[in-house]
Amino acid sequence: MADHVCPWWMGYILASPLRKLSQNPEKILGPYVKEGMTVLDVGAGMGFFSIPMARLVGESGRVIAVDMQDRMLKGLESRARKAGLSQRIQLHLCRSDSLDLTDMADFCLAFGVVHELPNATSFLAEVRAVLKPGGKLLLAEPRFHVSEKDFQDSVKLAFEAGFTVAETPVIRWSRAVVLQR
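The rules behind each value
Position numbers for residues count from 1 along each chain, tracking the sequence in the order it is written. The predicted nature of this model means local features are confined to residues of pLDDT at least 70 and side-chain atom pairs, given and counted, to a pLDDT of 80 or more, with totals for whole chains, interfaces and linings taken over all residues. Hydrogens and waters are ignored; side-chain quantities use all the structure's heavy atoms. Every case where a carboxyl oxygen of Asp or Glu lies within 4 Å of a side-chain nitrogen of Lys or Arg is listed as a salt bridge. Helix and strand labels come from DSSP, where a helix needs a run of H or I of at least four residues and a strand needs a run of E of at least two; each type is numbered from the N terminus. The rule is simple: take the accessible area with a 1.4 Å probe, protein chains only, and divide by the maximum for that residue type; under 20% is buried, over 50% is exposed, in between is partly exposed. Here a pair means two rings of Phe, Tyr or Trp (six-membered ring of Trp) with centres within 6.5 Å. Their orientation is stacked below 30 degrees between planes, edge-to-face above 60, and tilted elsewhere. Strand pairing is defined by DSSP finding a minimum of two bridges between the two strands. Geometry is summarised by axes, namely lines fitted to C-alpha atoms with helices restricted to the contacting stretch, and by angles between N-to-C directions that run from 0 to 180 degrees. Only heavy atoms matter for contacts: two residues are in contact if any of them lie within 4.5 Å across the pair. Side-chain atoms within 4.5 Å link the members of a nonpolar core, which is a set of buried Ala, Val, Leu, Ile, Met, Phe, Trp, Tyr and Cys residues.

Before going further, it helps to examine the pattern of salt bridges. For the coordinates displayed, the defined rule picks out seven salt bridges. For K132, the salt bridge identified is with D106, shortest N-O distance 3.4 Å. You can see K132 sitting in strand β5 (residues 131–142) and its partner D106 sitting in strand β4 (residues 105–111), a full 26 residues away along the chain. Residue K132 is classed as partly exposed on the basis of its relative accessible area of 32%.

Now the structure itself:
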C-alpha cells in the first residue's frame, strides 16, 4: 500500500458534478444507506459522497465525514452549508495513522482511499471496530490506479480483520466490494 495523499486541490475535481454522469452517489449508495443511519465517509474530500449520504440518512441520520486534510473538510463544510445539509454532517479531522473515532456506525464508505493509506491492516481493524454488528463497508478503488492483485490483497486484509464479503457491486471505473462485519 502506498503512503500517498491526494492533494487538496484535487478535491475540486473529485467533487465535480460531471463525475455524477459515471459515478452517481445516490445509485451507488442507495442500496446501503438508509434514513436514520449513522454513516462514515472516510477520505471524504470535499463531499462528493458525503452530501448525497446526508440526503439519504435524512433528518434523523448523521454522516461523519473523515479526512486528514483540513482544507478538504473546509471545502466540504462550505458545500454542505450551501446544500442546507451541514447539520447532518459531522466533520472529523483524523491522523494519517488513525481514524481516531469512537462513534459507532451502520455503514462506512472508503472510496479510493485504501491504496493511499500507510497501514491498510490497521485501517480495516479500526473500521471494523466502529461498525455496529452487521454493519457494512463499501470498499472501492480506481481501476486505472489500483491493480486487481492489489485490490484482492486489500480484500484479503479485510478477511483477516474479520469482514466477510456481502456482495460485489459494479461501479464504473472501480473495483468494488461490500464487506460485512
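Going through the model one piece at a time under the given rule, you end up with three aromatic pairs. With a centroid separation of 4.9 Å and an interplanar angle of 85°, the aromatic rings of F48 and F49 are classed as edge-to-face. On the basis of relative accessibility, which here comes to 6%, the residue F48 falls in the buried class. The exposure class assigned to F49 is buried, which follows from its relative accessible area of 5%. A ring pair is formed by F49 and F111, whose centres lie 4.6 Å apart and whose planes are at 35°; its orientation type is tilted. With a gap of 62 residues between them, F49 in the loop between β1 (38–42) and α3 (50–57) and F111 in strand β4 connect regions that are remote in the sequence. The same class applies to F49 and to F111, which are both buried. An aromatic cluster is present here, built from F48, F49 and F111 joined pairwise through their rings.

Each regular strand displays side chains that alternate between the two surfaces of the sheet. Across three bridges, the pairing between strand β6 (residues 164–167) and strand β7 (residues 174–180) is antiparallel. Residue pairing for β7: T164 is matched across the bridge by Q180. In sequence, β6 turns back onto β7 through a hairpin of six residues, with W173 there showing a positive phi of about 65°.

Our focus in this paragraph is the sheet that holds strand β3 (residues 89–93). Strand order in the open sheet formed by seven strands is β3-β2-β1-β4-β5-β7-β6, and the pairing between neighbours is mixed. The sheet is open, and its two borders are formed by β3 and β6, each paired with just one other strand. On average, adjacent strands in this sheet sit at an angle of 25° to one another, irrespective of strand direction. Two strands pair when backbone bridges link them, and β1 and β4 are joined in this way by four bridges, in the parallel orientation. Paired with V39 across the bridge in β4 is F107. Its contacts with the sheet place α3 against β1, β2 (62–67), β3 and β4, and it is angled at close to 160° to β2. Of the strands in this sheet, β2 and β3 touch helix α4 (residues 70–82), which is tilted by about 170° from β3.

By size, the foremost hydrophobic cluster in this structure holds 29 residues, and its most contacted members are L40, F123, V127 and L137. Going through the elements one at a time, β1, β2, β4, α5 (120–130), β5, α6 (148–160) and β7 are the ones with two or more residues in this core. Broken down by element, this core gets its largest block of residues, five residues, from α5. Contact partners of L137, with chain neighbours within four places excluded, come to C108, A110, L124, V127, L131, F163, V177, V178 and L179. With 28 residues, the next largest nonpolar core counts F49, A80, F111 and A176 among its residues.

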